[in-house]
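Fold and contact review
Here's the letter readout for the chains.
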Amino acid sequence: FRSVIFSGNVSFNKADFGIASSFDGAIFSEGRGTIDFNSIRAGRLLTFARARFLGPVNFTAAEIAGNLQCEGADFETNAVFNSITVGHHIFFGSPDAANPAALFRGLANFGHAKSGGQIELGGCVFYSEADFRGANFQHGILLGWSSDTNENTFVGAKFFQDAEFQGIQVNDRALLSGVVF
């Protein structure tokens, strides 16, 4: 599905993507329809690098056995990852200048999300509310890190409205270097 343009409403509700699927560079809902990945299942890798979501997107109760990669994704309206389960890591941020971090222009809902690894959000920009209530990231939440070109420069997430972390569970580490609230 790389670089595919989806017009209107898009529904992959309860789809099973097998081992790996890529939506890198895809444009969703050019007509501003809804995008539904509700209750999908994916194997070791599901990628949306540099994908554009022009309408509201829903990943509620999605199950991904491996990694979810969304570096450089642009969510122009609400992005709901409520109760998503990811076996390994979730990538939205990137310390690599060649891979920009994701932009969240509407509500970003990660309430009760679960990851067996860590979630990386360094460099991400949240223009609206960000909700992480009840989320569980086994190996950590990375909201910032040192730049790969200068150890004294930090690349952190930026939150321009409310950021809610009530009841979040992190069993390993929480990095907040350079974060702006």
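Our structure's up above, just so we're on the same page.
Residues numbered from 1 in each chain as written. Predicted model: local features only at pLDDT ≥ 70, side-chain atom pairs only at ≥ 80, totals over all residues. Heavy atoms only, no water.

Moving on, we come to the packing of aromatic side chains. In the structure shown here, the tally under the stated rule is 39 aromatic pairs. When the centroid spacing of 5.0 Å and the interplanar angle of 0 degrees are considered together, the rings of Phe110 and Phe132 count as stacked. Here the residue Phe110 occupies a position in the loop between strand E17 (108–109) and strand E18 (114–115), and Phe132 occupies one in the loop between strand E21 (130–131) and strand E22 (136–137), the gap between them amounting to 22 residues. Each of the two residues, Phe110 as well as Phe132, counts as buried. Ring centres of Phe159 and Phe165 lie 6.1 Å apart, and the angle between their planes is 80 degrees; this geometry places the pair in the edge-to-face category. (Phe/Tyr/Trp six-rings, centres within 6.5 Å; stacked < 30°, edge-to-face > 60°. Helix = DSSP H or I, 4+ residues; strand = E, 2+ residues; numbered from the N terminus. Buried < 20%, exposed > 50% of the residue type's maximum accessible area, 1.4 Å probe, protein only.)

We now examine the sheet that holds strand E29 (residues 174–175). If you walk across this open sheet you meet the 7 strands as E3-E7-E11-E15-E19-E23-E29, and the pairing is parallel. Here the strands that pair on one side only, and so sit at the sheet edges, are strand E3 (20–22) and E29. Pairing between strand E19 (residues 118–120) and strand E23 (residues 140–142): 3 bridges, direction parallel. Among the inter-strand pairings, Glu120 is bridged to a residue of E23, identified as Leu142. (Pairing = 2+ DSSP bridges.)

Once that is clear, we can look at the environment of Lys158. Structurally, Lys158 can be placed in strand E26 (residues 158–159). When the C-alpha atoms of Lys158 and Phe181 are compared, they prove to be 6.2 Å apart, with 23 residues separating the residues in sequence. Residues within four places of Lys158 in sequence aside, it is in contact with Cys124, Val125, Phe126 and Val180. (Contact = heavy atoms within 4.5 Å.)

Let us look at the sheet that holds E26. As summarised here, the arrangement of the 7 strands in space is E1-E4-E8-E12-E16-E20-E26, forming an open sheet in which the pairing is parallel. A strand with exactly one partner marks an edge of an open sheet, and here the two such strands are strand E1 (5–6) and E26. Alignment of strand E4 (residues 27–28) against strand E8 (residues 52–53), held across 2 bridges, turns out to be parallel. Within E8, the residue paired with Ile27 across the bridge is Arg52.

Turning next to the environment of Asn78. When you line up the elements, Asn78 lands in the loop between strand E12 (74–75) and strand E13 (79–80). C-alpha separation for the pair Asn78 and Gly178, spaced 100 residues apart in sequence, amounts to 25 Å. Sequence-distant contacts of Asn78, that is, excluding residues within four places in its chain, are made with Gly55, Pro56, Val57, Gly106 and Leu107. Only 2.9 Å separates the side chain of Asn78 from the backbone nitrogen of Leu107, close enough to count as a polar contact. (Polar contact = N/O pair within 3.5 Å; in protein donor to acceptor, adjacent residues only side chain to side chain.)

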